[in-house]
Amino acid sequence: MQQSAVEAVIRGLKRAGVTLVCYLPDSLFKELYPALDADPDIRTIQVTNEGEGAAICGGLFLSGQRAALVMENSGLRASVEPLSRMGLGAGIPVVMLMSYRGDMGENNWWAVPHGITMEPILKALRIPYTVEREEADIEQSIVNAYELAYSSYYHTAVALSGSIVR
Amino acid sequence: MKRFDCMTRLATRLSDELVILSLGASVDEWYNAAPHMREASLFQQQLGCVTPQAFGLAVGLPERRIISLDTDGGLLFNLGILATLGNEQPKNLFIVVWDNEQYQSIGGPKTHTASGRVDLAGIARASGIDHAYTATTLEEFDAHCEAGLKADVPYVVVAKVSGTVQPEIKRKHSDGREDKYIFVRHVEKTEGITIMGPSEHN
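No experiment lies behind these values; they were computed from the predicted model shown. (Residues numbered from 1 in each chain as written. Chains lettered and ligands numbered in written order. Predicted model: local features only at pLDDT ≥ 70, side-chain atom pairs only at ≥ 80, totals over all residues. Heavy atoms only, no water.)

A. The arrangement of the overall build of chain B in detail. Along chain B, the regular secondary structure elements total 8 helices and 6 strands. The order of α-helices and β-strands along chain B, N terminus first, is α-β-α-β-α-β-α-α-β-α-β-α-β-α. The C-alpha atoms of chain B give 16 Å as radius of gyration, which agrees with the globular expectation for 202 residues (17 Å, within 12%). Principal-axis analysis of the C-alpha atoms gives chain B an extent of 60 × 40 × 30 Å. Counting across all 202 residues of chain B, residues that qualify as buried make up 53%. Element-wise, carbon and sulfur atoms account for 49% of the exposed surface of chain B, whose accessible area totals about 8700 Å². Treating the 20 positive side-chain charges of chain B as one cloud and the 26 negative ones as another, the clouds have centres 3 Å apart. (Helix = DSSP H or I, 4+ residues; strand = E, 2+ residues; numbered from the N terminus. Rg over C-alpha atoms; globule rule 2.2 N^0.38 Å. Buried < 20%, exposed > 50% of the residue type's maximum accessible area, 1.4 Å probe, protein only. Areas by Shrake-Rupley, 256 points an atom, 1.4 Å probe, with all protein chains shown as cover. Lys, Arg positive; Asp, Glu negative; His and termini not counted. Charge placed at Lys NZ, Arg CZ, Asp CG, Glu CD.)

Set out below in structure tokens:
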């Protein structure tokens, strides 16, 4: 990621009122994680799998603070169970920011499943999402994801792709 | 050692804490063992999420004591949270693991702790949670509750309990969605904050 895209993500998170980011590091966002770690306004918690991160974010929601789950889109698959239970069973929202592995232009065979499964899983869970490929749209897209999540009390997601992460 | 008796002991120590607990028969038992804590308890339905949710709540409310009532099956579903807690060292999180060595709510198939080889408190200690203990008597459990509720490091007590369920107790009628609203409104009232506020327009 370019430094300017990293800054756009952090601006969006801050405008949305995010105070905690749970993440499992991935390669496409590799410049983002240390920037989040270094930001004095955002606490970061590295988790052992993305489902655990989703549950921690859900717990933070119950405190009145705002969290983000940041991950590669493969993490969506690891999060399906807690997302389903919290979102559909209790109405506890989690906002996700994920790198879009497996999108057009992908040059790793192992990332192909991530591209094939991401959008069908989001649709199966009825999770509203946007796919951003332009840096200029990142900040507002993140803010929008929080607006809807806190109106619906349901999950939303933003996937970053294209030149943002390449 | 009966889980319900442990719950009754723990309940007498609680007043303004917040509790997140697991699924199954322990839900109705806690509902009856701690009637004064009903609004302060979030009854959740998933394996592997109870302690992570309690940790998230503890991060958001660092001045409030948060209690996770997890289970052997639930903790085994995501042992990774122990490593996360070992590194994060929350000062306000007390974790009870009801270890009945079985998946009780579906009829009692054994969990991995039933072999006697798998030690959840030992796993917790090896994950960096220095205060992780196993309790096999009510007196031991009660002593760990006293210590765990005032500890300024994460504290785990694995309560080895029988598979019996307290008979003739009142069932909780609310679902997960109603439980969440009850819990959130309680947190809002007691913390003086807004969690689920009004829309822009009515």
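Additional details are given in the paragraphs that follow.
B. Quick peek at the interface of chain A and chain B. The interface is formed by 28 residues belonging to chain A together with 31 residues belonging to chain B. Of the roughly 2300 Å² buried at the junction of chain A and chain B (both faces included), carbon and sulfur atoms supply 60%. Looking only at chain A, the three residues that lose the most surface to chain B are L62(A), R85(A) and Y153(A), adding up to 23% of its buried area. At the surface where chain A touches chain B, the tally comes to 1 salt bridge. Viewed at the interface, chain B and chain A are joined by 10 residue pairs in polar contact (both at pLDDT 80 or more). Among the elements of the structure, β2 (43-46), α3 (50-61) and α4 (74-90) of chain A are those that each provide at least two residues to the side of chain A that touches chain B. It is α4(A) that provides the largest number of residues to the side of chain A that touches chain B, a total of 7 residues. Of the residues assigned to the side of chain A that touches chain B, the class counts are 14 nonpolar, 11 polar and 3 charged. (Contact = heavy atoms within 4.5 Å. Buried area = accessible area lost by both parts, 1.4 Å probe. Salt bridge = Lys/Arg side-chain N within 4 Å of Asp/Glu carboxyl O. Polar contact = N/O pair within 3.5 Å; in protein donor to acceptor, adjacent residues only side chain to side chain. Nonpolar A, V, L, I, M, F, W, Y, C, P; charged D, E, K, R; others polar.)

C. Up close: the side chain of T71(B). Residue and element names in this part refer to chain B. For T71, the location among the structural elements is in strand β3 (residues 66-71). Side-chain polar atoms of T71 contact the backbone nitrogen of G74, separated by 2.9 Å. Not counting residues within four places of it along the chain, the set of residues in contact with T71 comprises S22, V97 and W98.

D. Structural view of the sheet that holds β2(A). Residue and element names in this part refer to chain A. Read across the sheet, 6 strands follow the order β2-β1-β3-β4-β6-β5 without closing on themselves; strand pairing throughout is parallel. Of all strands in the sheet, those with a lone pairing partner are β2 and β5 (129-132), marking the two edges. Strand-to-strand twist in this sheet, taken as the mean axis angle between neighbours without regard to direction, amounts to 20°. The sheet contact formed by strand β4 (residues 95-99) and strand β6 (residues 156-160) spans 5 bridges and is parallel. Within the sheet, the bridge partner assigned to M96 lies in β6 and is A157. Contacts from α3 reach β1 (18-23) and β3 (66-72), with the element oriented near 170° to β3. (Pairing = 2+ DSSP bridges. Axes fitted to C-alpha atoms, helices over the stretch in contact; angles between N-to-C directions.)

E. The arrangement of helix α1 (residues 3-15) of chain A in detail. Residue and element names in this part refer to chain A. Counted at 1.5 Å a residue, the expected span for α1 with its 13 residues is 18 Å, and the 18 Å between its end C-alpha atoms agrees. Within α1, burial applies to A5, V6, A8, V9, I10, G12 and L13. Packing partners of the buried residues in α1 comprise β1, α2 (32-38), β3, β4, α6 (138-152) and β6. In the segment just after α1, G17 is the residue with positive phi, at about 85°. (Expected span 1.5 Å × (residues − 1).)

F. Spotlight on the environment of I42(A). All names here are of chain A. Mapped onto the elements of the fold, I42 is located in the loop between α2 and β2. Looking at I42, the relative accessible area reads 5%, which means it is buried. Sequence separation of I42 and V18 is 24 residues, and the distance between their C-alpha atoms is 7.1 Å. Residues in contact with I42, not counting those within four places in the same chain, are L13, K14, V18, T19, L20, V21 and L36.

G. Looking closely at the packing of aromatic side chains. Residue and element names in this part refer to chain B. All chains considered together, the criterion is met by 9 aromatic pairs over all chains. Look at Y31 and F43: their rings are 6.1 Å apart centre to centre, the planes differ by 65°, and that puts the pair in the edge-to-face class. In this pair, Y31 sits in helix α2 (residues 25-33) while F43 sits in strand β2 (residues 41-43), placing the two residues 12 residues apart along the sequence. For F43, a relative accessible area of 5% gives the class buried. Measuring from ring centre to ring centre gives 5.3 Å for Y133 and Y155, while their planes differ by 40°; the resulting arrangement is tilted. Residue Y133 is found in strand β5 (residues 131-135), and its partner Y155 is found in strand β6 (residues 155-160); the two are separated by 22 residues along the sequence. Owing to a relative accessible area of 26%, Y133 belongs among the partly exposed residues under this scheme. (Phe/Tyr/Trp six-rings, centres within 6.5 Å; stacked < 30°, edge-to-face > 60°.)

H. Representation of the sheet that holds β6(B) in the model. All names here are of chain B. Taken in spatial order, the 6 strands line up as β2-β1-β3-β4-β6-β5 in an open sheet, and their pairing is parallel. Two strands close off the open sheet at either side, each with one partner strand: β2 and β5. When strand polarity is set aside, the average angle formed by the axes of neighbouring strands in this sheet is 15°. By the bridge criterion, 6 bridges tie β3 to strand β4 (residues 93-99) in an arrangement that is parallel. Of the residues in β4, the one forming a bridge with I66 is L93. The sheet strands contacting helix α3 (residues 50-60) are β1 (18-21), β2, β3 and β4, and the helix crosses β3 at an angle near 175°.

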